[in-house]
Amino acid sequence: MMGYTHALGGVASLWLLYPLGVLTLDATAGNLGVMVAFAVLGALLPDLDSRRSTLTSLKVAGLSLPPVFYPFGHRGVLHSLAGWAFASCLLAWPVTAYAGWQPALALSAGWLSHLLLDCCTVTGLPLLWPKPGTVWLLPKFLRVRTATPDEHGATFLMAAAAMLLFVTAYFGPLM
């Protein structure tokens, strides 16, 4: 999927943190911006194994991030549960030291959303890497093709979930 879909998926993934008590209606509005930033970053990080990812395309002061894991191929270790777990543990300490444990969980949830969204595509993912095999979360006729109207529908759903999160955070539950 495209970077904007993953970014919105990262924001929508913050819903996963409600049952854990990380986000509460009385505390969310104050830290929602920080949580969103880390969730979006987490949702874009797995594509550091691609030359054409959103993060490697960004330029800050004329510099851009190199595709860190490109020699290992796109949708490899960074697109697996093992990569997610390793990265979540590796990034937990510096993120927690800088911003607190809630943003570290948001970053991890964003990364997980990337994996789940990619498991809904035609290509699927080697989610159980290093074990061979591809994992899909949807039946074949529902799988999404990247950069098509199918993905635009998925992007719309992610945007709706993100908007519902903002509305709920700032105005309380709708019901």
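Residues numbered from 1 in each chain as written. Predicted model: local features only at pLDDT ≥ 70, side-chain atom pairs only at ≥ 80, totals over all residues. Heavy atoms only, no water.

### Observations regarding the overall build of the protein
- The helix and strand inventory of the protein stands at six helices and zero strands.
- Along the chain direction, N to C, the helices and strands of the protein fall in the order α-α-α-α-α-α.
- The burial tally for the protein puts 43% of its 175 residues in the buried class.
- In the protein, the proportion of contacts linking residues at least 24 apart, taken out of those at least 6 apart, comes to 64%.
- By element, 73% of the accessible surface of the protein is carried by carbon and sulfur atoms, the whole surface being about 9600 Å². (Helix = DSSP H or I, 4+ residues; strand = E, 2+ residues; numbered from the N terminus. Buried < 20%, exposed > 50% of the residue type's maximum accessible area, 1.4 Å probe, protein only. Contact = heavy atoms within 4.5 Å. Areas by Shrake-Rupley, 256 points an atom, 1.4 Å probe, with all protein chains shown as cover.)

### Points about helix α6 (residues 149-171)
- The terminal C-alpha atoms of α6 lie 32 Å apart, and with 23 residues this matches the ideal 33 Å at 1.5 Å per residue to within 8%.
- Where α6 is concerned, the buried positions are Glu151, Ala154, Thr155, Met158, Ala162, Leu165, Thr168 and Ala169. (Expected span 1.5 Å × (residues − 1).)

### Quick look at the side chain of aspartate 47
- Note that aspartate 47 resides in the loop between α2 (28-44) and α3 (54-57).
- A polar contact of 3.4 Å, which involves the side chain of aspartate 47, links it to the side chain of histidine 114.
- Ignoring anything within four residues of it in the chain, the contact list for aspartate 47 reads His6, Ser53, His74, His79 and His114. (Polar contact = N/O pair within 3.5 Å; in protein donor to acceptor, adjacent residues only side chain to side chain.)

### Focus: the confidence of the model for the protein
- When pLDDT is averaged along the protein, the result is 84, and 83% of the positions lie at 70 or above.
- The secondary structure element of the protein with the lowest average pLDDT is α3, at 72, and the one with the highest is helix α1 (residues 3-12), at 94. (pLDDT = per-residue confidence, 0-100.)

### Some details on the packing of α1 against helix α5 (residues 101-118)
- Following both chains from N to C, one finds α1 and α5 inclined at 125 degrees, their axes separated by 8 Å at the closest point. When the axes of α1 and α5 are compared, the pair comes out oblique. Of the two elements, α1 crosses α5, and the hand of that crossing is right-handed. Each of Thr5, His6, Gly9 and Gly10 in α1 lies in contact with α5, whose residues at this interface are Gly110, Ser113, His114, Leu117 and Asp118.
- A class-by-class count of the residues in the contact of α1 with α5 yields one nonpolar, seven polar and one charged. (Axes fitted to C-alpha atoms, helices over the stretch in contact; angles between N-to-C directions. Parallel < 35°, antiparallel > 145°, perpendicular 65-115°, else oblique. Left-handed = near helix turned anticlockwise from the far one by under 90°. Nonpolar A, V, L, I, M, F, W, Y, C, P; charged D, E, K, R; others polar.)

### What about the nonpolar core?
- In terms of nonpolar packing, the biggest core is built from 28 residues, with Leu14, Leu17, Leu32, Leu45, Ala106, Trp111 and Leu165 touching the most fellow members.
- For this core, the secondary structure elements donating two or more residues are α2, α4 (81-99), α5 and α6.
- When neighbours within four sequence positions are excluded, leucine 165 is seen to be in contact with Val11, Leu14, Trp15, Tyr18 and Leu32.
- Counting residues in hydrophobic clusters, the runner-up holds six residues, among them Met1, Ala12, Leu117 and Met158. (Core = buried A, V, L, I, M, F, W, Y, C linked by side-chain atoms within 4.5 Å.)

### Focus: α1
- Counting buried positions along α1 gives eight out of 10 residues, so the element sits mostly inside the fold.
- Regarding α1, the residues found buried are Gly3, Thr5, His6, Ala7, Gly9, Gly10, Val11 and Ala12.

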